[in-house]
Amino acid sequence: MYLKFIVWGLLLFSSLMLLLIVFRNRSAGRLVSALGLNVVIAAFLLYVLNLLSTYTHVELPINTATLGTVTVLGIPGVLLLAGLKLALL
């Protein structure tokens, strides 16, 4: 029970510190917004790939690992994950 309060406290503290950094430094705000935009685009790419899975027969889950890979690498990351999935099946 205490661990739950500690985790929520850490989450609240880290969120407040992130907001403080974003409001004090404009370049950090641009970096956070660019990262957020990349995450949204990566989720959209994975969603579209899963929508087309009836045609492509490739279905990738939208989880932290796949979202992080596609966020960093973009479309080559989607191709990398699809190739890994096809190679390991």
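Residues numbered from 1 in each chain as written. Predicted model: local features only at pLDDT ≥ 70, side-chain atom pairs only at ≥ 80, totals over all residues. Heavy atoms only, no water.

A. Inspection of unusual backbone geometry at higher detail. The backbone of His 57 shows a phi angle near 60 degrees, a positive value even though the residue is not glycine. Relative to the helices and strands, His 57 resides in the loop between helix H3 (53–56) and helix H4 (64–73). In this structure His 57 comes out as exposed when scored by relative accessible area, which is 66%. (Helix = DSSP H or I, 4+ residues; strand = E, 2+ residues; numbered from the N terminus. Buried < 20%, exposed > 50% of the residue type's maximum accessible area, 1.4 Å probe, protein only.)

B. The arrangement of the packing of helix H1 (residues 2–24) against helix H2 (residues 26–51) in detail. For the pair H1 and H2, the least separation of the axes is 5 Å and the interaxial angle reads 120 degrees. Between H1 and H2, the interaxial angle falls into the category oblique. In this structure, H1 contributes Leu 18, Ile 21, Val 22 and Arg 24 to the contact, and H2 contributes Arg 26, Ala 28, Gly 29 and Val 32. Considered class by class, the residues forming the contact of H1 with H2 number 5 nonpolar, 1 polar and 2 charged. (Axes fitted to C-alpha atoms, helices over the stretch in contact; angles between N-to-C directions. Parallel < 35°, antiparallel > 145°, perpendicular 65-115°, else oblique. Contact = heavy atoms within 4.5 Å. Nonpolar A, V, L, I, M, F, W, Y, C, P; charged D, E, K, R; others polar.)

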